[in-house]
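These are the residues of each chain, in order.
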Amino acid sequence: MAQLADIVPVLSVISDFQLTPDLILFVFIPTLIFESAFNLDARQVGRNILPILTLAVPGLILSTAIIGVFMWLVTPFDLIVSLLLGAILSATDPVAVISIFKQLGVPERLTVLVEGESLFNDATSLVMATLISGIMITRGFSGEVVLSGVGEFLLVFIGGVVVGWVLALVVGETLGRIESDPAIEITFTTILAYFSFIIAEHGFHVSGIMAVVAAGVTMGSWGKSKISPSIAEFMEHFWEYLAYVANVLIFLMVGLQVDLLHLWQSIDLIALVVIAMLVSRAIVVFGLVPIVGKLPGSDAVDRAFQMVMYWGGLRGAIALAIVLSLPEFEHKQTLVAIVMGAVLFTLLVQGLSIEALVKLLGLDKLNIADSLAKTEGDRNARQQGLARLNNLVASGLFSERIADHLRHKCEQNLVELNTQIAELHESIGATQEITILSMRCLAREKARYYELFRRGLISEWAFRELDHTANVQLDAARHMGKLPSSKMETSIGKAASIFVMRMLEYVPGSSRLVEKMRTRRIVRDYNVAWGRYRASNSVLHNLNNIARDHQIEGETVEKARTIYANIRQDMKLQIDEVADQYPEFVETVQQQLGERLLLIAERESVEQAAELGTMQHGIADQILKDQDNRIRQLKNDDVSASLEVGVEELLRKVPFFEAINEDDFGTVADHLRPRTVPRGTDIIKQGKEGASMFLIARGIAKVFVREGEREVQVATLYAGDFFGEAALLHAQPRNATTRAATPCSLYELKKVDLDKLCSDYPSIQAAVEAVDRERLWSNNSSDD
């Protein structure tokens, strides 16, 4: 048996090392999958989820069937072995292609489509190969077995996702309690990558690979804000390096162990499987992707993108890992040789020609906005270099002659770059100009959010919401020409939180938990508004510099200034609303903010002293550790308690409680349930059944009535007002919608409690009925 070690003697030292299935499954695959999932842009994947999942699940199944049937018809392999080969070779691994994409600057969507498909179909391929190999070993193949296999496929696929997601949430919450400890934080993500696979496979008998995918995507999106900002970049490099080592080792070990003679003897089978791969890939990409693009809510993928997706479907380490992880059977060594040959073909032929295809299709050409950003970035870098050179000359001990030569060369480059920038500006209109300036302002916003989060001035929840909004508005500006606005985009995390809160409202005994979630949301909304205010203020202060750097002036700059002035004003309005209604809460928040700023200043002073050597590192570490504990205590302080409003305050404000003695306040309070409502929440909805009324302790609410397709505001309610009584008095659905215009502290009064109070205090019943008659008369008068 001829091996590579026989040709290269130096490799004989490690040629006896056996690459076992367990080593592949439990060492290499979790690393490769987690790294890919962790560094994937989950938001972009969400925007393109239909074409990605179409290629990854039905597309892979179709590819498996095409390759399997083709090989079954033209080779001695039986159908099961052929389908197994098809499942293995349907897994794409575009590591080399993605690297080329980054160098060429291809559109971000193309990179996401190729990388997202690879991530999900790797998981699907492994699950499919495992099921088919199980059928092959048991020698059972029938319609019933196929149906059972489909059910098992869905179970292990979805089950793996759930296991990985839950474990990622646990690890993420744990990381959120750790302050800037690289060893511990990286260890936790490593444990997550491997334990999610092991627990899913051996604990719950579901897909370990899907568990790793779910864990990686969750940590790469929601979980990144849990990782200490000072470690985030190092964490990404760590996983990139780990995946690089895993790829190299797999190829090295396979290359050492493959039988070169067997590989040559299988050349005819390799040629056949390559034809099958190319045909199946063409049918999947050119057949399914255009259909998906026509579905509602899905963006079409143009033909140029389809061509690159087709030719960029390389096979790599994952396919090799899957075939090597198979149990021993009659054709295993032949399949290893075929897969190795197919992988080499895609890497050498497709991998080396993909760059030429991208350039031929013109996908390496940047749009005007990106071209301008690239050229301006190059110019700014050269200006910085020229300034450094001048400083070096001024400090002495540097040849003036060499400096003049370098200065002349740099100035020539700057003239060329300024000419290119001027030409680009001439080719864009006013609409494109404001779009470009908006994108630069949004980039400034993102940088400011990260700075505020890194310094602990906004919470991780606020950072996630603000960063998500900036990213969505950046995409809208880049692809649709939309301008920034004060609208906060709802992230998946916030949507999930609201959904859980609404579901818990129907669970008996969960009222306290729901109330805590509502008050926490008000705190978060305040933090978001404060962060957006600071960021928009930063943009306004630096707008002239941003515009000057990009040679934008005149009406475009004033338009951007108006946009951000409006955003700042909207945020200030929200902050002032909370301050007016809950001065105690704002005072508590400001106290906490002041303490945090002092701690940050202390920390920076200690770090500087340690760096300069005026303080021993051991002493500095002890002080920093103590400061971390104080910062952690500040984070754990529950400021939402300052949002609570005593029932006595309400009873003094509501007119129909005037006749009640203060000694009876405790009795009345037993019938009232506190409820805190965030800004913009519908408290009651027109047409819905109602079993309670509400009294406003603090805040402002607006009443709307639907007339046809539009809502009309009919009233504004303030502290001391009540609403929702009509549904109780007349046993009919709600006749209006009441929406919180500011955060509101309410007290809910159920019908049974209202009846009891009216029985004990007749004046309450008279007052409620009087207001109800007045409102009915007002509604009837407006109808007339």
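1. A few points about the overall build of the protein
Then, number 1: Of regular secondary structure, the protein possesses 31 helices and eight strands.
Then, number 2: Looking at the protein alone, contacts between residues at least 24 apart form 79% of all its contacts between residues at least 6 apart.
Then, number 3: Here the protein displays about 38100 Å² of accessible surface, and carbon together with sulfur accounts for 58% of that area.

2. Let's talk about the pairing of strand β4 (residues 701-707)
The side chains of a regular strand alternate between both faces of the sheet.
Then, number 1: With seven bridges joining them, β4 and strand β5 (residues 710-717) adopt antiparallel strand pairing. The partner of R706 across the bridge, within β5, is E711.
Then, number 2: The antiparallel pairing of β4 with β5 creates a hairpin that spans two residues between the two strands, and G708 there sits at a positive phi of about 70°.
Then, number 3: In this sheet, strand β7 (residues 737-740) lies alongside β4 in antiparallel orientation, the contact comprising four bridges. Bridged to K702 within β7 is R739.

3. Observations concerning the sheet that holds β5
Then, number 1: Across the sheet, four strands lie side by side as β2-β7-β4-β5; this open sheet has antiparallel pairing. Both outer strands of the open sheet, β2 (682-684) and β5, are each paired with one neighbouring strand and no more. Ignoring strand direction, the axes of neighbouring strands in this sheet form an average angle of 35°.

4. Some thoughts on the sheet that holds strand β1 (residues 673-677)
Hydrogen bonds between backbone atoms are what pair the strands of a sheet, whose relative direction is either parallel or antiparallel.
Then, number 1: Across the sheet, four strands lie side by side as β1-β8-β3-β6; this open sheet has antiparallel pairing. Edge positions in the sheet fall to β1 and β6 (722-723), since each of these pairs with one other strand and no more.
Then, number 2: Examined bridge by bridge, strand β3 (residues 692-698) and strand β8 (residues 744-750) share six bridges and lie antiparallel to one another. Each bridged residue has a counterpart across the sheet, and for F694 the counterpart in β8 is E748.

5. Remarks on the environment of L728
Then, number 1: Mapped onto the secondary structure, L728 falls in helix α29 (residues 725-730).
Then, number 2: Residues contacting L728, with those up to four places away along its chain left out, are G690, A691, S692, M693, L749, K751 and L754.

6. As for the packing of helix α6 (residues 79-88) against helix α17 (residues 332-360)
Then, number 1: Between α6 and α17, whose axes approach to 11 Å, the crossing angle comes to 35°. In this structure, α6 meets α17 at a crossing whose hand is right-handed. Here V81, L84, L85 and I88 of α6 come into contact with α17, specifically with L335, I338 and V339.
Then, number 2: Tallied by class, the residues present in the contact of α6 with α17 amount to seven nonpolar, no polar and no charged.

7. Remarks on unusual backbone geometry
Peptide bonds are mostly trans, and most non-glycine residues show a negative phi.
Then, number 1: Located in the positive-phi region is H205, a residue other than glycine, with phi close to 55°.
Then, number 2: Relative to the assigned elements, H205 resides in the loop between α10 (182-203) and α11 (208-220).

8. Some words on the packing of aromatic side chains
Then, number 1: What the rule picks out here adds up to nine aromatic pairs.
Then, number 2: On the basis of an interplanar angle of 80° and a centroid distance of 5.5 Å, the ring pair of F238 and W239 is categorised as edge-to-face.
Then, number 3: Residue F238 is classed as partly exposed on the basis of its relative accessible area, which comes to 21%.
Then, number 4: Judged by its relative accessible area of 0%, W239 falls in the buried class.
Then, number 5: Taken together, a centroid distance of 6.1 Å and an interplanar angle of 45° make the contact between Y310 and W311 tilted.
Then, number 6: Site record: aromatic cluster; members linked through ring pairs are F34, F38, F238 and W239.
Then, number 7: K224 extends its terminal NZ or CZ atom over the ring of F38, reaching a point 5.2 Å from the ring centre.

9. As for the side chain of E748
Then, number 1: Counting through the fold element by element, E748 comes out in strand β8.
Then, number 2: Overall, E748 belongs to the buried group, its relative accessible area being 12%.
Then, number 3: Looking at E748, its side chain comes within polar contact range of the side chain of S692, at 2.8 Å.
Then, number 4: Leave out the neighbours within four places in its chain, and E748 touches H671, L672, R673, R675, S692, M693 and F694.

10. Some remarks on helix α30 (residues 751-760)
Then, number 1: Along α30, the positions that sit buried rather than exposed are D753, L754, L757 and C758. All buried residues of α30 lie within an arc of 135° about the axis, which places them on one face of the element. In α30, the exposed positions angled more than 90 degrees off the buried face are occupied by V752 and S759.

11. Observations concerning the nonpolar core
Then, number 1: Formed by 110 residues in total, the largest nonpolar core has its most connected members in I29, L84, I88, V273, M309 and V339.
Then, number 2: Ranked by residues supplied to this core, first place goes to helix α8 (residues 108-138) with 15 residues.
Then, number 3: Beyond its immediate sequence surroundings of up to four residues, V273 is in contact with I67, M71, L85, L89, I338 and A342.
Then, number 4: Counting residues in each nonpolar core, the second largest holds 47 residues, with L442, L452, I575 and V639 among its members.

12. Considerations on the confidence of the model for the protein
Then, number 1: Residues with a pLDDT of 70 or more make up 86% of the protein, whose mean pLDDT is 80.
Then, number 2: The element-level mean pLDDT for the protein is lowest in helix α1 (residues 4-7), coming to 51, with β7 highest at 92.

13. Brief notes about the pattern of salt bridges
Then, number 1: Applying the stated rule across the entire model yields 22 salt bridges.
Then, number 2: Linking E577 and R679 is a salt bridge whose minimum nitrogen-to-oxygen distance equals 2.9 Å. With E577 in helix α24 (residues 555-581) and R679 in the loop between β1 and β2, this residue pair connects regions lying 102 residues apart in the sequence.
Then, number 3: Taking relative accessible area as the criterion, E577 reaches 13% and is therefore assigned buried.
Then, number 4: Here R679 falls in the partly exposed class, since its relative accessible area comes to 34%.

Cut-offs and rules
Residues numbered from 1 in each chain as written. Predicted model: local features only at pLDDT ≥ 70, side-chain atom pairs only at ≥ 80, totals over all residues. Heavy atoms only, no water. Helix = DSSP H or I, 4+ residues; strand = E, 2+ residues; numbered from the N terminus. Contact = heavy atoms within 4.5 Å. Areas by Shrake-Rupley, 256 points an atom, 1.4 Å probe, with all protein chains shown as cover. Pairing = 2+ DSSP bridges. Axes fitted to C-alpha atoms, helices over the stretch in contact; angles between N-to-C directions. Left-handed = near helix turned anticlockwise from the far one by under 90°. Nonpolar A, V, L, I, M, F, W, Y, C, P; charged D, E, K, R; others polar. Phe/Tyr/Trp six-rings, centres within 6.5 Å; stacked < 30°, edge-to-face > 60°. Buried < 20%, exposed > 50% of the residue type's maximum accessible area, 1.4 Å probe, protein only. Lys NZ or Arg CZ within 6 Å of the ring centre and 35° of its normal. Polar contact = N/O pair within 3.5 Å; in protein donor to acceptor, adjacent residues only side chain to side chain. Arc of directions from axis to C-beta. Core = buried A, V, L, I, M, F, W, Y, C linked by side-chain atoms within 4.5 Å. pLDDT = per-residue confidence, 0-100. Salt bridge = Lys/Arg side-chain N within 4 Å of Asp/Glu carboxyl O.

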